[in-house]
Amino acid sequence: MRRLTWWAATLAALALPAPLLAQDVTLTARGGGLSIEGALTGFDGEFYRVATRYGALTVDAAAVICDGPACPDLTAPLATIRLLGAAEPGNAILPRLLEAFAAAHGYRIALTAAGDGFQARLDSAEGRPLAKLGFTPTPRRRRWRRCAPMRRSWRWPPNRRRG
């Protein structure tokens, strides 16, 4: 009898439609003029899917603010960027470029000297860390060998082999 009850409960739990298992959320337009309430049935990083009393709706995540226990955590991971290049142009141009980027987007940046290069930390206006950047001057022949052990690397200009 216990086994039959367990199987019946398991089958009932699996047979429930997804909207019954979803939690309620409120999506509010960034301007505040519109609000949608319903059960969050999906989020793919770009769109919310909500079951409302009017039916299923798909809403652009960039246009609304999600409030409720089912809302996904949209905080981005800390980016770590390592730059290799020639000493003179890298130390002269990159700090100014990073400072201009931070000023244009309302971020805070802290630059510190590190060996022959520099380290930078980019924070949001609220103080949340967004990225750590590092520049290391490296002779041309060693640049690719230093990048090779990293999981992701991008090289410019690309290696041109002459045959």
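A brief report on the enclosed structure follows. (Residues numbered from 1 in each chain as written. Predicted model: local features only at pLDDT ≥ 70, side-chain atom pairs only at ≥ 80, totals over all residues. Heavy atoms only, no water.)

1. So, the overall build of the chain
Spelled out, the test is: Secondary structure elements follow DSSP: runs of H or I of four or more residues count as helices, runs of E of two or more count as strands, with numbering from the N terminus. The rule is simple: take the accessible area with a 1.4 Å probe, protein chains only, and divide by the maximum for that residue type; under 20% is buried, over 50% is exposed, in between is partly exposed. Here the Shrake-Rupley method, with its probe set to 1.4 Å, supplies the accessible areas, and only the displayed protein chains count as covering residues.
Each helix and strand in the chain was counted, giving 4 helices and 9 strands. Counted from the first residue to the last, the chain has its helices and strands arranged as α-α-β-β-β-β-β-β-α-β-β-β-α. Residues classed as buried in the chain amount to 22% of the 163 residues present. Carbon and sulfur atoms make up 56% of the accessible area of the chain, which amounts to about 12600 Å² in all.

2. Focus: the pattern of salt bridges
Opposite charge on two side chains allows them to pair when their charged atoms are near. Put simply, the rule reads: Salt bridges are counted wherever a side-chain nitrogen of Lys or Arg sits within 4 Å of a carboxyl oxygen of Asp or Glu.
As enumerated under the stated definition, the model contains 2 salt bridges in all. A salt bridge links D44 to R49; its shortest N-O distance comes to 3.5 Å. D44 gets classed as partly exposed once you look at its relative accessible area, which sits at 48%. Accessibility expressed as a relative area gives 33% for R49, which makes it partly exposed.

3. Observations regarding the environment of P69
We apply this condition: What makes two residues a contact is simply this: any of their non-hydrogen atoms within 4.5 Å.
Relative to the assigned elements, P69 resides in the loop between strand 5 (64-67) and strand 6 (79-85). Residue P69 is classed as exposed on the basis of its relative accessible area, which comes to 66%. Residues P69 and Q23 lie 46 residues apart in sequence; the distance between their C-alpha atoms is 6.9 Å. In this structure, P69 is in contact with Q23 and D24, ignoring residues within four places of it in sequence.

4. A word on the sheet that holds strand 9 (residues 129-137)
The following threshold applies: Strand pairing requires that DSSP identify at least two bridges connecting the strands. Inter-axis angles, ranging from 0 to 180 degrees, are taken between N-to-C directions of lines fitted to C-alpha atoms, where helices are fitted over the stretch in contact.
Spatially, 4 strands are ordered 6-9-8-7 in an open sheet, and the strand pairing comes out mixed. Of all strands in the sheet, those bounded by a partner on one side alone are strand 6 and strand 7 (108-114). Across the sheet, the mean angle from the axis of one strand to that of its neighbour is 15°, orientation sign disregarded. Each of strand 6, strand 7, strand 8 (117-123) and strand 9 is contacted by helix 3 (residues 87-105), which is oriented at about 10° to strand 8, the strand it contacts most.

5. Some points on the nonpolar core
To keep it simple, the criterion reads: Here, nonpolar core refers to any group of buried Ala, Val, Leu, Ile, Met, Phe, Trp, Tyr and Cys residues whose side-chain atoms link them within 4.5 Å.
Of all hydrophobic cores here, the largest spans 11 residues; its members are V25, L27, I36, L40, Y48, V50, V59, A61, V64, C66 and C71. Breaking this core down by element, the ones donating at least two residues are strand 1 (24-29), strand 2 (35-43), strand 3 (47-52) and strand 5. With residues near it in sequence (within four places) discarded, V25 still touches I36, E37, G38, L40, C66, D67, A70 and C71. Among the nonpolar cores identified, the runner-up in size contains 9 residues, and A102, A120, A131 and L133 belong to it.

6. Section: the state of the cysteines
Basically, it comes down to this: Criterion for a disulfide: a pair of cysteine sulfur atoms at a distance within 2.5 Å.
Here the structure, examined in full by the defined rule, presents 1 disulfide. In this model C66 forms its disulfide with C71; the gap between the sulfur atoms is 1.9 Å. Here C66 and C71 share a disulfide; its torsion about the S-S bond, -80°, makes the bridge left-handed.

7. Observations regarding the environment of L57
Relative to the elements of secondary structure, L57 occurs in strand 4 (residues 55-60). Its relative accessible area of 34% is what places L57 among the partly exposed residues. Residues L57 and F47, spaced 10 residues apart in sequence, show a C-alpha to C-alpha distance of 9.9 Å. Excluding residues that lie within four positions of it along the chain, L57 makes contacts with I36, Y48, R49, V50 and T52.

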